[in-house]
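What follows is each chain in one-letter form.
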Amino acid sequence: QLRPYQLQAVEAIYHHLRTRDDNPCVVLPTGSGKTPIIATICRDAVGQWNGRVVILAHVKELLEQTAEKLRLIAPDLPVGIYSAGLKRKDLGYSATVAGIQSIWKKACDLGPVDLIIVDEAHMVPAEDDGMYRQFIADAKVVNPNVRIIGLTATPYRMKSGSICAPENILNHVCYEVGVRELIVQGFLSPLKTKAGLQKISTEDLHVRAGEFVASEVEDLM
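These figures come from a predicted structure and were not determined experimentally.

J.: Would you explain the nonpolar core in this entry?
T.: Taken as a class, soluble globular proteins show a tendency for nonpolar side chains to be buried jointly. Of all hydrophobic cores here, the largest spans 39 residues; its most connected members are Ile-41 and Tyr-175. The leading source of residues in this core is helix H2 (residues 34-47), at seven residues. One finds Leu-110, Ile-136, Cys-164 and Leu-170 within the second-largest nonpolar core, a separate group that totals 24 residues.

J.: How should I be thinking about the packing of H2 against helix H3 (residues 60-73) in this particular structure?
T.: In the contact formed by H2 and H3, the axes pass within 9 Å of each other and the chain directions differ by 55 degrees. In terms of orientation, H2 lies oblique with respect to H3. In this structure, H2 crosses over H3, and the sense of that crossing is right-handed. For the pair formed by H2 and H3, the contact residues are Thr-35, Pro-36, Ile-38, Ala-39, Thr-40, Cys-42 and Arg-43 on the first element and Gln-65, Thr-66, Lys-69, Leu-70 and Ile-73 on the second. Partitioned by chemical class, the residues of the contact of H2 with H3 number six nonpolar, four polar and two charged.

J.: Mind showing me how you'd approach the confidence of the model for the chain here?
T.: Low pLDDT means the predicted coordinates in that region are not meant to be read closely. On average, residues of the chain score 93 in pLDDT, and 100% of them are at 70 or above. The element-level mean pLDDT for the chain is lowest in strand E8 (residues 156-157), coming to 86, with helix H1 (residues 4-19) highest at 98.

J.: Would you mind going over the environment of Leu-17 with me for this structure?
T.: Locating Leu-17 in the fold gives a position in helix H1. Leu-17 sits 157 residues away from Cys-174 along the chain, and the two C-alpha atoms are 9.9 Å apart. Other than its neighbours up to four places away in sequence, Leu-17 contacts Pro-24, Leu-115, Arg-147 and Ile-149.

J.: When you look at the packing of aromatic side chains in this model, what are you seeing that I'm missing?
T.: Aromatic ring pairs are reported here in terms of the distance separating the ring centres and the angle at which the planes meet. Taken as a whole and assessed by the stated rule, the structure comprises two aromatic pairs. Relative to Phe-187, the ring of Tyr-5 lies with its centre 5.2 Å away and its plane at 65 degrees, an arrangement referred to as edge-to-face. Within this pair, whereas Tyr-5 is found in helix H1, its partner Phe-187 is found in the loop between helix H7 (179-184) and strand E11 (207-208), the two being separated by 182 residues in sequence. Under the relative-accessibility criterion, Tyr-5 is labelled buried at 2%. For Phe-187, a relative accessible area of 27% gives the class partly exposed.

Rules and cut-offs
- Residues numbered from 1 in each chain as written.
- Predicted model: local features only at pLDDT ≥ 70, side-chain atom pairs only at ≥ 80, totals over all residues.
- Heavy atoms only, no water.
- Core = buried A, V, L, I, M, F, W, Y, C linked by side-chain atoms within 4.5 Å.
- Buried < 20%, exposed > 50% of the residue type's maximum accessible area, 1.4 Å probe, protein only.
- Helix = DSSP H or I, 4+ residues; strand = E, 2+ residues; numbered from the N terminus.
- Axes fitted to C-alpha atoms, helices over the stretch in contact; angles between N-to-C directions.
- Parallel < 35°, antiparallel > 145°, perpendicular 65-115°, else oblique.
- Left-handed = near helix turned anticlockwise from the far one by under 90°.
- Contact = heavy atoms within 4.5 Å.
- Nonpolar A, V, L, I, M, F, W, Y, C, P; charged D, E, K, R; others polar.
- pLDDT = per-residue confidence, 0-100.
- Phe/Tyr/Trp six-rings, centres within 6.5 Å; stacked < 30°, edge-to-face > 60°.

Have a look at this one:
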């Protein structure tokens, strides 16, 4: 059973895909449960619309997590896994969970897909190279109408700013919910920090280039 905000995220993605020609991104805090959203979209795309979906992630733990959620949410859905780390290279499935390091040159082998879902979408580079961009470019050759959906907790990069822009792979944040809101709703644990009982004196620390000397701070702490 999806939580209310997860359901809203799924509906926002569908609304975006129906009403716009570009690619949506969902922003959800770490720990809020992006995987059930991915699994629901995957189930609907295959079951209701007879589509083909590939879910991309960069670490095998995320792949295992997604495959497990798909088994729970859509037990009848045949799911392939393409990952060297998981020792599987399945092709021909309606839904494929894939490690980007393993599949980035294999879009043509995978065949035409209708949706590419990118977990941890901030990993897609801003520049015109990289594994994600190569895979997506090749997937567009196979099916020019393929749509990309991104999910992330951090929709920006320190160097280049927002990951969503007209010229980028992801173009618009279609749904966002914040940490504070989910804490208030009881879905995330409140953050509590406590000061140490022992107070320290910084009187004997030296300053270099406007900062305390790091090695002295470490010794003091």
